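Each chain is listed here by its residues.
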Amino acid sequence: MATDQYRPEPLSVQAMAASFAELARELAARTDENDCWTGIVQAALRTVPGTEHAGITILRGGKFSTVAPSSELPRRVDAIQYELSSGPCVDAILQQCIFRTGDLSQDTRWPEFGRRAAGEHGVFSMLGFRLYLENADTIGGLNLYSTQRDAFDESAELTGGIVATHAAIAMTGVRHRSQAENLRLALESNRQIGVAMGVLMSRQHVTRQQAFDLLRIASQHGHRKLADIAMDVAETGILDYPRPVGAG
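Reference entry: report on the structure contained in this document.

1. Some remarks on the overall build of the protein
Here is step 1 of the chain: Each helix and strand counted, the protein has 8 helices and 5 strands in total.
Here is step 2 of the chain: Secondary structure elements of the protein, listed N to C terminal, follow the sequence α-α-β-β-α-α-β-α-β-β-α-α-α.
Here is step 3 of the chain: Per-residue burial for the protein yields a buried fraction of 44% across its 248 residues.
Here is step 4 of the chain: For the protein, contacts bridging at least 24 residues in sequence account for 61% of all contacts bridging at least 6.
Here is step 5 of the chain: In the structure as shown, the protein presents an accessible area of about 13100 Å², 52% of it carried by carbon and sulfur atoms.

Structure follows, in structure tokens:
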């Protein structure tokens, strides 16, 4: 199978150090999870010798999926692994090891997967890394593919391991920033609700619980978020909530 994917040559120690310093800066600047996955895959394509295609395997809720593939090939090859529950990517995640193969058509560890990956998609070499994420709900793996036999050597395994380490650090940073932003929004929402409750308690001479109940009823009646209702009350001093039929 022909490919027009860029295949990097091994880097010198100095070039590798500079490359990974740049990678760390690049991934640290990514704030969105999907954007970060894409950055990791592109970094693997640039830096790991022998790589023609790359992708990320995610195990979440007991189900495998492929994210940010560099082409359709990783998704198609991974689908075979997920169907069989066997293959370098799946095993790298489940067994927490690095798996490298240079001829899938002859590899006795995954006979059925190897036969199909080589025969149906022309993939002979694969390299799979477990990503150690600080997320109990999600397990990830970095997967590299080549249509050449023996495409990945020890240098590729070392370089890919460094990329995987940077990937885990970057994803942990994205998750922490997301959690911090969610906390900030929650605190802001709670502050608005507290202000609105204070307005209602003062103007309508109700208790804290009654003030909260009024906000909740207005939220349900208007099909709007409680925080949005609270913001309106805090800014206008008025709560639009349902009144009994016939009330003046």
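Having seen the structure, we can now continue with the description.
2. Observations regarding unusual backbone geometry
Here is step 1 of the chain: A positive phi angle, close to 55°, is found at Ser-85, a residue other than glycine.
Here is step 2 of the chain: Positionally, Ser-85 belongs in the loop between α3 (72-84) and α4 (88-95).
Here is step 3 of the chain: Positive phi outside glycine occurs at His-205, with the angle close to 55°.
Here is step 4 of the chain: Looking at the secondary structure, you find His-205 in the loop between α6 (154-204) and α7 (208-222).

3. Points about the packing of α3 against α4
Here is step 1 of the chain: Across the interface, α3 lies against α4 with an axial gap of 8 Å and an inter-helix angle of 55°. Regarding the angle of α3 to α4, the classification is oblique. Judged by residue contacts, Asp-78, Gln-81 and Tyr-82 of α3 engage Pro-88, Cys-89 and Val-90 from α4.
Here is step 2 of the chain: Its residues placed into classes, the contact of α3 with α4 shows 4 nonpolar, 1 polar and 1 charged.

4. What about the sheet that holds strand β4 (residues 125-131)?
Here is step 1 of the chain: In spatial order, the strands read β2-β1-β5-β4-β3; together these 5 strands make up an open sheet with antiparallel pairing. Two strands lie at the open edges of the sheet, namely β2 (63-67) and β3 (99-101), each paired on one side alone. Adjacent strand axes in the sheet meet at a mean angle of 20°, parallel and antiparallel pairs treated alike.
Here is step 2 of the chain: Strand direction decides the pairing type here: strand β1 (residues 53-60) and β2, joined by 5 bridges, are antiparallel. In the strand pairing of β2, Ile-56 is matched with Val-67.
Here is step 3 of the chain: Along the sheet face, helix α2 (residues 33-47) touches β1, β2, β4 and β5 (138-146) and points at about 140° away from the line of β1.

5. With respect to the pattern of salt bridges
Here is step 1 of the chain: This structure, assessed with the given rule, holds 9 salt bridges.
Here is step 2 of the chain: For Arg-100, the salt bridge goes to Glu-157, with nearest N and O atoms at 2.9 Å. With Arg-100 in strand β3 and Glu-157 in helix α6, this residue pair connects regions lying 57 residues apart in the sequence.
Here is step 3 of the chain: Judged by relative accessible area, which is 30%, Arg-100 ranks as partly exposed.
Here is step 4 of the chain: Between Arg-216 and Asp-213 there is a salt bridge, and its shortest N-O distance comes to 3.3 Å. Here Arg-216 pairs with Asp-213, and both are found in helix α7, just 3 residues apart, close to one helical turn.
Here is step 5 of the chain: Look at Asp-213 and you get partly exposed, because its relative accessible area is 23%.
Here is step 6 of the chain: Three or more residues joined by partner-sharing salt bridges are found here, namely Glu-83, Arg-116 and Glu-120.

6. Digging into the packing of α7 against helix α8 (residues 226-236)
Here is step 1 of the chain: Between α7 and α8, the shortest axis-to-axis distance is 9 Å and the interhelical angle comes to 115°. As α7 packs across α8, the resulting crossing turns out to be right-handed. Between α7 and α8, the contacting residues are Phe-212, Leu-215, Arg-216, Ala-218 and Ser-219 on the first element and Leu-226, Ile-229, Ala-230 and Val-233 on the second.
Here is step 2 of the chain: Here the contact of α7 with α8 is built from residues that sort into 7 nonpolar, 1 polar and 1 charged.

7. Describing the nonpolar core
Here is step 1 of the chain: Judged by nonpolar contacts, the single largest core of 25 residues is most densely connected at Trp-37, Ile-40, Ala-44, Ile-56, Leu-131, Leu-142 and Leu-144.
Here is step 2 of the chain: The set of elements that each furnish at least two residues to this core consists of α2, β1, β4, β5 and α6.
Here is step 3 of the chain: Broken down by element, this core gets its largest block of residues, 7 residues, from α6.
Here is step 4 of the chain: Aside from chain neighbours lying at most four places away, what touches Trp-37 is Ile-56, Ile-58, Val-67, Ala-68, Leu-131, Leu-133 and Met-171.

Definitions and cut-offs
- Residues numbered from 1 in each chain as written.
- Predicted model: local features only at pLDDT ≥ 70, side-chain atom pairs only at ≥ 80, totals over all residues.
- Heavy atoms only, no water.
- Helix = DSSP H or I, 4+ residues; strand = E, 2+ residues; numbered from the N terminus.
- Buried < 20%, exposed > 50% of the residue type's maximum accessible area, 1.4 Å probe, protein only.
- Contact = heavy atoms within 4.5 Å.
- Areas by Shrake-Rupley, 256 points an atom, 1.4 Å probe, with all protein chains shown as cover.
- Axes fitted to C-alpha atoms, helices over the stretch in contact; angles between N-to-C directions.
- Parallel < 35°, antiparallel > 145°, perpendicular 65-115°, else oblique.
- Nonpolar A, V, L, I, M, F, W, Y, C, P; charged D, E, K, R; others polar.
- Pairing = 2+ DSSP bridges.
- Salt bridge = Lys/Arg side-chain N within 4 Å of Asp/Glu carboxyl O.
- Left-handed = near helix turned anticlockwise from the far one by under 90°.
- Core = buried A, V, L, I, M, F, W, Y, C linked by side-chain atoms within 4.5 Å.

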